[in-house]
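These are the residues of each chain, in order.
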Amino acid sequence: MEDPTKVFGPARIVALALIGVVALGLAYLQFKPASDPVSVPSGARAGQLQLHSCHYATAKGSYAADCGTLVVRENRHNADSRLIALPVTRIRARTASSSVPIFRLQGGPGITNMSFEDASRFADKRDVVLVGYRGIDGSSRLDCREVVSARKHSPDFLSEKSLRADSAAFKACAHRLQNDGVDLAGYTLPERVDDLDAARRALGYQRIDLLSESAGTRTAMIYAWRYPKRIHRSVMIGANPPGHFLWDARTTGEQIRRYAALCAKDASCQSRTSDLVASIHSSYENLPGHFWFLPIKKGNVKVGAFFGLMNATPDAGPLSGPLTIDTLLSAGKGDGSGAWLLSLMAQLVFPDVQVWGDVASVGRSDAAHARRLFATQADRGSVIGSPATDFIWGDGRLIDSWPANPDENQYTRVQDSSVETLLIGGNLDFATPPQWATRELLPHLPNGRQVVLKNLGHTDDIWAYEPAASSRLINTYFDSGRVDTSLYKQASVDFTPSFSQGAIAKIILAVMLTLAVFAVLSLLWLPFRLRRRGAFGAKSSGALRSLYAVLLGLGGWFVGALIVLTAWPTLPLDDEVLALVSVGIPVGLGIYWASARPTDPERSRIVRFVATSVGAVLGAWLGYQVSSGLFALVTAILGAVAGANLVVLGLDISRDRAARKRAEPVGDAVPAVEAQ
């Protein structure tokens, strides 16, 4: 049996080691070396490109690359404008080839241009070049924390209160950025095009191919209009002609009717509705107000459902048109589970998903179109209206909340271009319907071709569905100008998803309720068990203070989250105070009761109770600081468990040292008197 006065036994050494591991992990997250920040090198000049060897991760492994920094003027209209830096990555072709390099243009807006895991589809025989977008990837970012905060605290994305708050947040962000020395007049698509061309020159390429998607296709169009002789061929996936950083309800209605035609031929879908268009319209207008006891933010559902309809296949991710249609049909029958999930996911994802200053700056390219649309309110009540347009543009208020720029009226109409261009789209795409390209863009492309893929949606579908087919289509076109769709098999739309959004919502709520009840019952049982049977044994105490405490932290947060979702819909789920209270308190209480001894003096028990609670809350706070979003919940729980256990170990070590000191003999021992 272990000596009770032994200060450092094996169990304590292991516990301290585990706490040390957690502390080191949290410290690493806090102080881990970030990717090298993009900055203007000392003494740099506009147009300068510095490169060094590096490697780039793709879907097929690491490729040799050159990484570096391109220096450009923030506003080329101003000769005295400051310099900014943009990252540049050239993924090197694996074989020596004279193939024309590809410049990749990501969609968005407000999304980085430096991530392209599909580069491996093209980099075997041609360089693939990524040039960072100004305002997103470079030394000057148009982060709008005001907009993020407004949308995280939104009672409903499409409510009048939220739309006004968004407008005020954009205006406040613009003023703050300008006060910080940012020249917002320089963050335009023509400036972005000139950045690309500066990189082309610095890399020594005579001509390049452009591979663009969604919002990035607008940049590709402007590049072709400004510098047609510098482009060999251009492939646009999900083309976005001028005027379409907004969505018109009429075209959205066309896309819904395409789904309706497919539904009419599908037995499972037909059994649920005889008129899909009417059913979706009715669902949008009459969304349930609650899922059980949880309120549903109807505007969030409308915005989330619109974006959920963009892709048609499950290959594109957890959101797809058939899943969203299933949710809307269920909502029309009174089942609000899937609608609640859409509402919740929109609230969690949308505020942080884009760099909102870039969204506003790029959106100004369509300011004239937006003024006309919001002035006339044309056709905005058709089928589902224009929820995404209202959300992005604040029901038109963004036009006056973000300053105008000198380039915004330069490319408001499609111009003629002789550049060989291939337009690729899915006929079920809600974000960039291919009929836009057919009606508005293709007539201005004498060397243009268009491929419309049946039963596919937006760009995620194009990349994910039969990748070998899309790779052949794009590579063949770049190599020869031929259109080769021979590897494609027509996709089918599955109106009976194996796992619906409603089912996911019910599972999530069941898990939340189960762990919340577990936490509450545990915090009631632990003190009762302590009073009835005394202190826990060493093994039981160790288990309760480790894995059990983690579950207490998670369950406690679920209690807090359910209260917030029900009673405080404007409080974000990643709120710091919510995390500290709902995690720190149950973890502190659980670890206190797991380590307490009823035989200790009352004063000692009070000190232990207070110290353990403070240690848990402080640990939760430290853990929360090292991460962001909902992942901060994980680090807060780990920090709370480590902090409370460290306090308990400290108190126990102090107590045992005192006990050991009391047990030691005082002074020299007196020898026994020898018997006479």
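Residues numbered from 1 in each chain as written. Predicted model: local features only at pLDDT ≥ 70, side-chain atom pairs only at ≥ 80, totals over all residues. Heavy atoms only, no water.

Some thoughts on the packing of aromatic side chains
Two aromatic rings, taken as a pair, are described by how far apart their centres are and by the angle between their planes. Threshold: The rule is short: rings of Phe, Tyr and Trp, with Trp giving its six-membered ring, pair when the centres are within 6.5 Å, and they are stacked under 30 degrees, edge-to-face over 60, tilted in between. Only DSSP runs of H or I covering at least 4 residues are called helices, and only runs of E covering at least 2 are called strands; the numbering of each starts at the N terminus. Throughout, exposure labels follow a simple rule: accessible area from a 1.4 Å probe, protein chains only, divided by the maximum for the residue type, with under 20% read as buried, over 50% as exposed, and the rest as partly exposed.
Tallied over the full model, the rule gives 25 aromatic pairs. Seen in terms of ring centroids, Phe122 and Trp463 are 6.2 Å apart; in terms of plane orientation they differ by 80°. Their pairing is edge-to-face. Of the two residues, Phe122 is situated in the loop between strand S4 (102-105) and strand S5 (128-131) and Trp463 in helix H17 (residues 459-464); the sequence distance between them amounts to 341 residues. Across the pair, Trp463 and Phe122 agree in class, each one buried. For the pair Tyr259 and Phe430, a centre-to-centre distance of 6.1 Å together with 35° between the ring planes defines the contact as tilted.

Focus: the state of the cysteines
Convention followed: In plain terms, two cysteine sulfur atoms within 2.5 Å form what is called a disulfide here.
Under the defined criterion, the tally for this structure stands at three disulfides. Through a disulfide, Cys54 is tied to Cys67; the S-S separation comes to 1.9 Å. Disulfide Cys54-Cys67: the torsion about the S-S bond is 75°, which places it as right-handed. A residue pair is termed long-range when its members are at least 10 positions apart, and Cys54 in strand S1 (residues 49-58) and Cys67 in strand S2 (residues 61-73) qualify at 13 residues. Residues Cys54 and Cys67 agree in their burial class; the two are buried. Across the disulfide from Cys263 sits Cys269; the S-S distance is 2.0 Å. On the sign convention where negative means left-handed, the S-S torsion of about -95° between Cys263 and Cys269 marks this disulfide as left-handed. Across the pair, exposure class does not vary: Cys263 and Cys269 are buried alike. With cysteine numbering restricted to those in disulfides and following the sequence, the protein chain has the pairing 1-2, 3-4, 5-6.

Observations regarding the pattern of salt bridges
To keep it simple, the criterion reads: We define a salt bridge as a contact between a side-chain nitrogen of Lys or Arg and a carboxyl oxygen of Asp or Glu at a distance within 4 Å.
Tallied over the entire structure, the rule returns 33 salt bridges. A salt bridge links Arg92 to Asp66, with the shortest nitrogen-to-oxygen separation between them at 2.9 Å. Residue Arg92 is located in the loop between strand S3 (83-91) and S4, and its partner Asp66 is located in strand S2; the two are separated by 26 residues in the primary sequence. Its salt-bridge partner being Arg226, residue Asp194 comes within 3.1 Å of it at the nearest N-O pair. With Asp194 in helix H4 (residues 189-203) and Arg226 in helix H5 (residues 215-226), this residue pair connects regions lying 32 residues apart in the sequence.

Comments concerning the side chain of Asp195
How we decide: In the analysis that follows, any N or O atom pair within 3.5 Å is treated as a polar contact, provided that within protein one partner can donate a hydrogen and the other can accept it, and provided that, for residues neighboring in sequence, both atoms belong to side chains. Residues count as neighbours in contact if any of their non-hydrogen atoms are within 4.5 Å of one another.
Position of Asp195 relative to the elements: it lies in helix H4. A residue is classified by how much of its surface remains accessible, and Asp195, at 0% relative accessible area, is buried. For Asp195, the side chain forms a polar contact with the side chain of Arg76, separated by 2.8 Å. Polar side-chain contacts of Asp195 include one of 2.7 Å to the side chain of Arg134. Excluding residues that lie within four positions of it along the chain, Asp195 makes contacts with Leu70, Val72, Arg76, Leu86, Val131 and Arg134.

Overview of the environment of Phe536
You can see Phe536 is positioned in the loop between helix H19 (501-533) and helix H20 (538-544). In this structure Phe536 touches Trp525, Leu526, Arg529, Ser541, Leu544, Trp593 and Ala594, once residues within four positions along its chain are discounted.

Quick word on the packing of H19 against helix H22 (residues 576-595)
In plain terms, the rule: Structural elements are reduced to axes, namely lines fitted to C-alpha atoms, with helices fitted over the stretch in contact, and the angle between N-to-C directions of any two is expressed from 0 to 180 degrees. Any angle between 65 and 115 degrees counts as roughly perpendicular, while under 35 counts as roughly parallel, over 145 as roughly antiparallel, and the rest as oblique. Crossings are classed by handedness, with left-handed meaning an anticlockwise turn of the near helix from the far one by less than a right angle and right-handed meaning a clockwise turn.
Running from N to C, H19 and H22 point in directions that differ by 20°, and their axes come no closer than 9 Å. The pairing of H19 with H22 is recorded here as roughly parallel in orientation. Helix-helix and strand crossings are classified by hand; for H19 and H22 the assignment is left-handed. On H22, the residues that touch Leu523, Leu526, Pro527 and Leu530 of H19 are Pro586, Leu589, Gly590 and Trp593.

Things to note about unusual backbone geometry
Backbone torsion omega between Gly108 and Pro109 reads -5°, so that peptide bond is classified as cis. Here Trp292, not a glycine, exhibits a phi torsion of approximately 55°, which is positive. Its place among the elements puts Trp292 in the loop between strand S8 (290-291) and strand S9 (294-295). On the basis of relative accessible area, Trp292 is assigned to the exposed category, the value being 63%. At Asn455, a residue that is not glycine, the phi angle is positive and equals roughly 65°.

Here we look at the environment of Leu86
Tracing the backbone through its elements, the reader meets Leu86 in strand S3. Between the C-alpha atom of Leu86 and that of Asp137, which follows or precedes it by 51 residues, the distance is 6.5 Å. Not counting chain neighbours up to four residues away, the residues in contact with Leu86 comprise Val38, Gly68, Thr69, Leu70, Val72, Gly132, Tyr133, Arg134, Gly138 and Asp195.

Some words on a nonpolar patch on the surface
Keep this limit in mind: Patch membership needs two things, relative accessible area over 30% and no salt bridge, and members are linked within 9 Å if like-charged or within 5 Å if nonpolar (Val, Leu, Ile, Met, Phe, Trp, Tyr). Here the open area of atoms and residues is found with the Shrake-Rupley method and a 1.4 Å probe, where only the protein chains shown may cover a residue.
A contiguous nonpolar surface patch, about 630 Å² in accessible area, is contributed by Ile606, Phe609, Val610, Val614, Leu618, Trp621 and Leu622. Mapped onto the elements, Phe609 comes out in helix H23 (residues 602-625). Residue class for Phe609 comes out partly exposed when judged on its relative accessible area of 34%.

What to know about helix H11 (residues 337-349)
Here is the rule: The span expected for a helix works out to 1.5 Å for each residue beyond the first.
Look at H11: 18 Å from first C-alpha to last across 13 residues, which is about the 18 Å you get at 1.5 Å a residue. Where H11 is concerned, the buried positions are Ser337, Gly338, Ala339, Trp340, Leu341, Leu342, Ser343, Leu344, Ala346 and Gln347.

A word on the packing of H4 against H5
Following both chains from N to C, one finds H4 and H5 inclined at 70°, their axes separated by 9 Å at the closest point. With respect to H5, the element H4 is oriented roughly perpendicular. The two elements H4 and H5 meet at a crossing, and its hand is right-handed. Listed contacts from H5 to Leu189, Pro190, Arg192, Val193, Asp194, Leu196, Asp197 and Arg200 of H4 are Arg218, Thr219, Ile222, Tyr223 and Arg226.

Details of the nonpolar core
We apply this condition: By nonpolar core we mean a set of buried residues, namely Ala, Val, Leu, Ile, Met, Phe, Trp, Tyr and Cys, connected to one another through side-chain atoms within 4.5 Å.
Judged by nonpolar contacts, the single largest core of 140 residues is most densely connected at Phe103, Tyr259, Trp356, Trp402 and Leu441. It is helix H24 (residues 631-663) that contributes the most residues to this core, eight residues altogether. When residues no more than four places from it in sequence are discounted, the contact partners of Phe103 are Val129, Val131, Leu196, Ala199, Arg200, Leu203, Tyr205, Ile208, Asp209, Leu210 and Leu211.

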